[in-house]
Amino acid sequence: MTNRNTVGDAGDGPPIPRPSAAWVFARPERILAFGLGSGLIHPAPGTWGTLAGWLLWAILLRDLPDGWMILVLLLSFGIGCWAAQRCGEALGVPDHGGINWDEIVAIWLVLWLMPHGFWSQAVSVVLFRFFDIVKPPPVGLLDRRFKNGFGVMIDDIVAALYALLAGALLVRLGVLP
């Protein structure tokens, strides 16, 4: 299933497995949950997932009409819950650090609702990563409370909402266009 490498530990539990590329690319839900492979990049697989999401946004989603974007976000969230659940069960770690589809979907939400210029998007990415890492309430509570695919996905959506709020403040103050 995984190679012999491990990453730290799960608190007082056993070491967390580091999946191999062969394991990730063997099943569609693993490919998706691991952000099309970006979750295999260390260190900071969440940041790599966010950057992969930004790239996918720029290539595939930026020009979608709002109705289609809402559909993409809802489907991506639902499928992400399923994929994260399946991978978490297979790895024995409900929210494995390499599972980063949650970052990808959340950054799509942020990029969709923020101004579309490069610098506005760059600030949006930084804001999202900040709130995803710091996990202010209720992000941290959701992260601890729901140890399943939904929990993996929802805490990043709430972090995205914080990023959107901070971004809206920056727009209102004239820092962002």
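Definitions and limits used
Residues numbered from 1 in each chain as written. Predicted model: local features only at pLDDT ≥ 70, side-chain atom pairs only at ≥ 80, totals over all residues. Heavy atoms only, no water. Helix = DSSP H or I, 4+ residues; strand = E, 2+ residues; numbered from the N terminus. Buried < 20%, exposed > 50% of the residue type's maximum accessible area, 1.4 Å probe, protein only. Salt bridge = Lys/Arg side-chain N within 4 Å of Asp/Glu carboxyl O.

Asker: Explain unusual backbone geometry here, please?
Answerer: What you tend to see is this: most non-glycine residues have negative phi, and most peptide bonds are trans. Going from His 42 to Pro 43, the amide bond is cis rather than trans, its omega being 0 degrees. Looking at the secondary structure, you find Pro 43 in the loop between α2 (28-33) and α3 (45-61). Between Pro 137 and Pro 138 the backbone carries a cis peptide bond, its omega angle lying at 0 degrees. Non-glycine residue Leu 36 carries a positive phi angle of around 60 degrees. Along the chain, Leu 36 turns up in the loop between α2 and α3. One non-glycine residue, Ala 44, lies in positive phi territory at about 60 degrees. Looking at where Ala 44 falls in the secondary structure, it is placed in the loop between α2 and α3. On the basis of relative accessible area, Ala 44 is assigned to the partly exposed category, the value being 39%.

Asker: Looking at this model, I keep getting lost on the pattern of salt bridges. Mind explaining?
Answerer: Applying the stated rule across the entire model yields 6 salt bridges. Arg 27 is the salt-bridge partner of Glu 29, the closest N and O atoms lying 2.8 Å from each other. Here Glu 103 and Arg 129 are joined by a salt bridge, their closest N and O atoms 3.8 Å apart. Of this pair, Glu 103 sits in helix α5 (residues 101-113) while Arg 129 sits in helix α6 (residues 118-134), placing them 26 residues apart in sequence. Across the pair, Arg 129 and Glu 103 agree in class, each one buried. One connected set of salt bridges, linked through shared partners, spans Glu 103, Arg 129, Asp 132, Lys 135 and Asp 155.

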